[in-house]
Amino acid sequence: MEVRVVEGEFMGENLKIGVVVARFNDLLTGELLKGALDCFERHGVDRVDVVKVPGSFEIPLAAKKLAERGYDAVLALGAVVRGETKHFDLVASEVAKGVAKVSLDTGVPVIFGVITVEDELQGFDRAGVKSNKGFEYAMATLEMANLMKKLRD
């Protein structure tokens, strides 16, 4: 029996990456973006284009436009903080569904880098105080971009 394992690498050369970042909760999303850009720079990504949208709900549409324009992968960054209403649940759910749909519809990896947190303190832990999830999401972006290139070849 022959077993072939195909995996993506964390190499940025010859990759064109799009990042969609929400401005709402920008204290958190700005840190996520810094972490992601640090990762892309360290791994030699040739080109990164950043598109800013008003909030997380607007991420899927901008991600779709980038995916349709020849980017190897798109990283969606946002922060949804629970409040006193059901708005949190609606936004978080619709953004997740929208990002997944863009990826499946276009065949371009769109990485869900939207943190959903109970409060700002938990958000700061995820956006840089304890670790920066933006860096981790960027690593997944690199891996999936490279994996998709392998699967196309």
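Look up a bit, the structure's there.
Just so you know, the residues in each chain are numbered from 1, in the order the chain's sequence is written. Per-residue local features are limited, in this predicted model, to residues with pLDDT of at least 70; the limit for side-chain atom pairs, both in listing and counting, is 80 or more; totals at the level of whole chains, interfaces and linings are taken over all residues. Remark: hydrogens and water are excluded; side-chain values derive from all non-hydrogen atoms of the structure.

Re the layout of surface pockets
Logical step 1: Buriedness for pockets is judged along seven lines, at least five of which must meet protein on both sides within 12 Å for an open set on the 1 Å grid over protein atoms alone, while cavities are sets there where a 1.4 Å probe fits but cannot get out, and lining residues have an atom within 4 Å of a point. Grid points are joined across faces, edges and corners, and a volume is the space filled by probe spheres set on the points. In this structure, the largest pocket encloses a volume near 260 Å³.
Logical step 2: Phe24, Asn25, Val80, His87 and Val91 are the residues nearest the centre of the largest pocket, which is lined by 14 residues in total.
Logical step 3: In this text, helices come from DSSP runs of H or I with a minimum length of four residues, and strands from runs of E with a minimum of two, each type numbered from the N-terminal end. Listing elements by their share of the lining of the largest pocket, those giving two or more residues are strand S3 (73–81) and helix H3 (87–106).
Logical step 4: Gly counts as polar in this scheme, as do all residues outside two lists: the nonpolar Ala, Val, Leu, Ile, Met, Phe, Trp, Tyr, Cys and Pro, and the charged Asp, Glu, Lys and Arg. Taken together, the residues of the lining of the largest pocket break down into 7 nonpolar, 6 polar and 1 charged.

Comments concerning helix H1 (residues 26–42)
Side chains of residues three or four places apart in an α-helix project in the same direction, reflecting 3.6 residues per turn.
Logical step 1: A helix is expected to span 1.5 Å multiplied by its residue count minus one. Taking 1.5 Å per residue as the helical rise, H1 with its 17 residues ought to reach 24 Å, and the 23 Å between its terminal C-alpha atoms agrees with that figure.
Logical step 2: Among the residues of H1, Leu28, Thr29, Leu32, Leu33, Gly35, Ala36, Cys39 and Phe40 are the ones counted as buried. The buried residues of H1 occupy an angular sector of 165 degrees when projected down its axis, which confines them to one face. Seen from the buried face of H1, the exposed residues on the opposite side, beyond 90 degrees, are Asp26, Leu27, Lys34, Glu41 and Arg42.
Logical step 3: The contact criterion used throughout is that any non-hydrogen atoms of two residues lie within 4.5 Å. The elements touched by buried residues of H1 are strand S1 (16–22), strand S2 (47–53), S3, strand S4 (110–117), helix H4 (120–126) and helix H5 (133–152).
Logical step 4: In the stretch just after H1, Gly44 is the one whose phi turns positive, near 75 degrees. Each residue's exposure class comes from its accessible area (1.4 Å probe, protein chains only) as a fraction of the maximum for that residue type: buried when under 20%, exposed when over 50%, partly exposed otherwise. What the arc covers is the set of directions going from the helix axis to the C-beta atoms.

Focus on the packing of aromatic side chains
For any pair of aromatic rings, the description consists of the separation of the ring centres together with the inter-plane angle of the planes.
Logical step 1: Here is the rule: rings of Phe, Tyr and Trp (six-membered ring for Trp) pair when centre to centre is within 6.5 Å. Planes less than 30 degrees apart are stacked, more than 60 are edge-to-face, and the remainder are tilted. Going through the model one piece at a time under the given rule, you end up with 0 aromatic pairs.
Logical step 2: Between Lys16 and the ring centre of Tyr71, over which it is positioned, the NZ or CZ distance is 4.4 Å. A ring is considered to have a charge above it if a Lys NZ or an Arg CZ atom is located within 6 Å of its centre and within 35 degrees of its normal.

What about the side chain of Asn132?
Logical step 1: Along the chain, the position of Asn132 falls in the loop between H4 and H5.
Logical step 2: Of note is the side chain of Asn132, whose polar atom sits 2.8 Å from the backbone oxygen of Glu31.
Logical step 3: A polar contact of 2.7 Å, which involves the side chain of Asn132, links it to the backbone nitrogen of Gly134.
Logical step 4: In contact with Asn132, other than residues within four places in its own chain, are Glu31, Leu32, Gly35, Arg126 and Ala127. Pairing of N or O atoms within 3.5 Å defines a polar contact, subject to two protein rules: one partner must be a possible hydrogen donor and the other a possible acceptor, and residues neighboring in sequence count only if both atoms are side-chain atoms.

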